[in-house]
Amino acid sequence: MEGQISFVKMEGAGNDYVYVDCFDQYVKNPQLLARKVSSRHFGVGSDGLILLKPSPRADCFMDIYNSDGSRGRTCGNGLRCAARYMWEKSGKTKTDLRIETLSGICRAYVHPLNERRCWVQVDMGRGFVRNVPVPVRELGRFLPAGIFVSWACLCDIGNLHCVVMVKDWREVKEKPVLEELDMNRVGHFLENYPDFGEKVNVEVCAKIRAPQKEIYVSETEVCAPGNLAVRARVWERGSKETLSCGSGACAIYLAASRMIKADEALPNGGESSCQPMKQCCVFMPGGRLHVENIGGHLFLGGYATEVFTGKV
Ligand SMILES: N[C@@H](CCC[C@H](N)C(=O)O)C(=O)O
C-alpha cells in the first residue's frame, strides 16, 4: 500500500508505537497505516503510529495516530521515545530536545544509562482539571461488588483524561482491586460519555500504601516518603486498553493533588507536613512512570526503549 517504509518500534513502560522518520520518507495515508501496523495479529503490533516530521520551531513535530487511525493531540510516552530517537539521530549528542505536538512544544531530556537503557523526562506543561462532573453513580454499575469510587475527575494534559480513584470497602490487604475490573466496559462507557464533549482516555487507579522510605523508580529517580504511589489501569481513546499511558500518569498526579489532602498521602496519616505532594509514582501493567511537579509543570519520567526496526 505505502511502498517500503522504514520504521522503528519503541516502547515506554509497555506503551508501544511504530515510529516513522518522515524527514526523508512520506506517508500518504497515516490513518490507514496506523490501523495496519497496529494490528497485533496481522501487522507489526502496536498501540499506534507516530510520524516524526521536520518542524520550523522545534527539533521535530510528533504526529500521533491511535490504533483505530484517529489522531491524538499529544502522547507522553510517545514524546519520551521520540526524544530518545532524536538523541540517537543526533549521534547521541543532543540530550535536551524540543518536540512539537498538536498541543504545543514540549522540552524533553534524555539520560542515557547504558548501551540499551535511557531514562527520558518530558515537560508536559501545567495541565488543568476541567470542571465537568463524572457520572460516578452510573459508573458504579460496571464495578465489581465491594469496590467503590473514592473520587473521579476530568483532566486536560494536552489531551483529555478521566481519572477514577477506586477503593475496596472491605479493605482486604493486597486484594487485586484493579485486576477484577472489566476495563472493556468501564473504558467504553467513559471514553464515549457524551457530556465530556469529546472522546477521552481513562485511568482507573488505586492508592498503594504511601512509601515509608524512598522507592527507587529508576537509577536516577526516587519517590520519596510523603508522596503518592498508585497502581493504575489505562483505557486509551482510540487504542483500547494499553499497558501504560504517560499523559495518563500526569493526569493521575494532577487529579490526586487536587482531590487528596496532602496529609492523606503521607505515611502514618501524615504527621510531618502539609506540603502538597511533589511527586507521584504510577505503577501501570507495563512498568513504572514518575511524575514530578517542578515549578507547576508536570515532568514525566520513565524508560524509553527501542524494540526492533523493520520495513512495511
Ligand atoms: N499513550 C499516550 C496517549 C496517546 C494518545 C491518546 N490515546 C489520545 O488520543 O489522546 C500517552 O502516553 O500519553
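- For the chain, an unreviewed UniProt entry supplies the name Diaminopimelate epimerase and the organism Catenibacillus scindens.
- Within the UniProt record for the chain, the comment given under Catalytic activity (unreviewed entry) is "(2S,6S)-2,6-diaminopimelate = meso-2,6-diaminopimelate".
- According to UniProt, the comment filed for the chain under the heading Sequence similarities (unreviewed entry) is "Belongs to the diaminopimelate epimerase family."

### A short note on the site of the ligand
Inference 1: By nearness alone, 16 residues border the ligand, and Asn 15, Gly 76, Arg 237, Gly 246 and Ser 247 come closest of all.
Inference 2: One nitrogen or oxygen atom from the main chain of Gly 76 is found 2.7 Å from an oxygen atom belonging to the ligand.
Inference 3: Between an oxygen atom of the ligand and a side-chain N or O atom of Asn 201, the distance comes to 3.0 Å.
Inference 4: Protein chains bury 100% of the 370 Å² of accessible surface belonging to the ligand in isolation.
Inference 5: Mapped onto the shell around the ligand, the elements with two or more residues apiece are β2 (15–21), β4 (60–66), α2 (76–89) and α5 (246–259).
Inference 6: Here the residues of the shell around the ligand are counted per class, giving 4 nonpolar, 10 polar and 2 charged.
Inference 7: Both domain 1 (6–120 + 303–311) and domain 2 (128–295) contribute no fewer than three residues apiece to the shell around the ligand.

### Considering unusual backbone geometry
Inference 1: For Ala 13, which is not glycine, the phi dihedral falls at a positive 50 degrees.
Inference 2: For Ala 13, a relative accessible area of 10% translates into the label buried.
Inference 3: The residue Lys 92 is not glycine, and still its phi comes out positive at about 60 degrees.
Inference 4: Counting through the fold element by element, Lys 92 comes out in the loop between α2 and β6 (96–101).

### Brief notes about the environment of Ile 147
Inference 1: Within the secondary structure, Ile 147 is located in strand β10 (residues 147–156).
Inference 2: Judged by relative accessible area, which is 7%, Ile 147 ranks as buried.
Inference 3: Considering only alpha carbons, one finds Ile 147 and Lys 167, 20 residues apart in sequence, at a separation of 5.6 Å.

### What to know about helix α4 (residues 183–191)
Inference 1: Turning to α4, its buried residues are Met 183, Val 186, Gly 187, Phe 189, Leu 190 and Glu 191.
Inference 2: The secondary structure elements touched by the buried residues of α4 are α3 (136–139), β11 (160–168), β12 (201–208), β15 (228–236) and β16 (240–242).

### What to know about the domain arrangement of the chain
Inference 1: Domain assignment breaks the chain into domain 1 (6–120 + 303–311) and domain 2 (128–295).
Inference 2: Between domain 1 and domain 2, the residue contacts involve 21 residues of the former and 25 residues of the latter.
Inference 3: A buried area of about 1,600 Å², summed over both sides, lies between domain 1 and domain 2, and 42% of it is on carbon and sulfur atoms.
Inference 4: It is Ala 13, Arg 73 and Trp 119 in domain 1 that bury the most area against domain 2; as a group they hold 34% of the surface buried on that side.
Inference 5: Seen at the junction of domain 1 and domain 2, the total is 1 salt bridge.
Inference 6: Between Glu 198 and Arg 73 there is a salt bridge, with the nearest N and O atoms lying 3.5 Å from each other.
Inference 7: At the boundary of domain 1 and domain 2, one finds 16 residue pairs in polar contact (both at pLDDT 80 or more).
Inference 8: Elements represented by at least two residues in the side of domain 1 that touches domain 2 include exactly β2, β5 (71–72) and α2.
Inference 9: A total of 3 residues in the side of domain 1 that touches domain 2 trace back to one element, the largest contributor, which is α2.

### Remarks on the confidence of the model for the chain
For residues with low pLDDT, the predicted coordinates do not support detailed interpretation.
Inference 1: Looking at the chain as a whole, the pLDDT averages 90, with 86% of positions reaching at least 70.
Inference 2: In this model, residues 266–275 is a region of pLDDT below 50 whose contacts with residues beyond four sequence positions or in other chains number 15 contacts.
Inference 3: Both scores are available for the predicted complex, with the pTM at 0.92 and the ipTM at 0.97.

The rules behind each value
Residues numbered from 1 in each chain as written. Predicted model: local features only at pLDDT ≥ 70, side-chain atom pairs only at ≥ 80, totals over all residues. Heavy atoms only, no water. UniProt positions renumbered as here; feature names shortened; annotations may be inferred. Near = heavy atom within 4 Å. Polar contact = N/O pair within 3.5 Å; in protein donor to acceptor, adjacent residues only side chain to side chain. Areas by Shrake-Rupley, 256 points an atom, 1.4 Å probe, with all protein chains shown as cover. Helix = DSSP H or I, 4+ residues; strand = E, 2+ residues; numbered from the N terminus. Nonpolar A, V, L, I, M, F, W, Y, C, P; charged D, E, K, R; others polar. Domains from an automatic or database assignment. Buried < 20%, exposed > 50% of the residue type's maximum accessible area, 1.4 Å probe, protein only. Contact = heavy atoms within 4.5 Å. Buried area = accessible area lost by both parts, 1.4 Å probe. Salt bridge = Lys/Arg side-chain N within 4 Å of Asp/Glu carboxyl O. pLDDT = per-residue confidence, 0-100.

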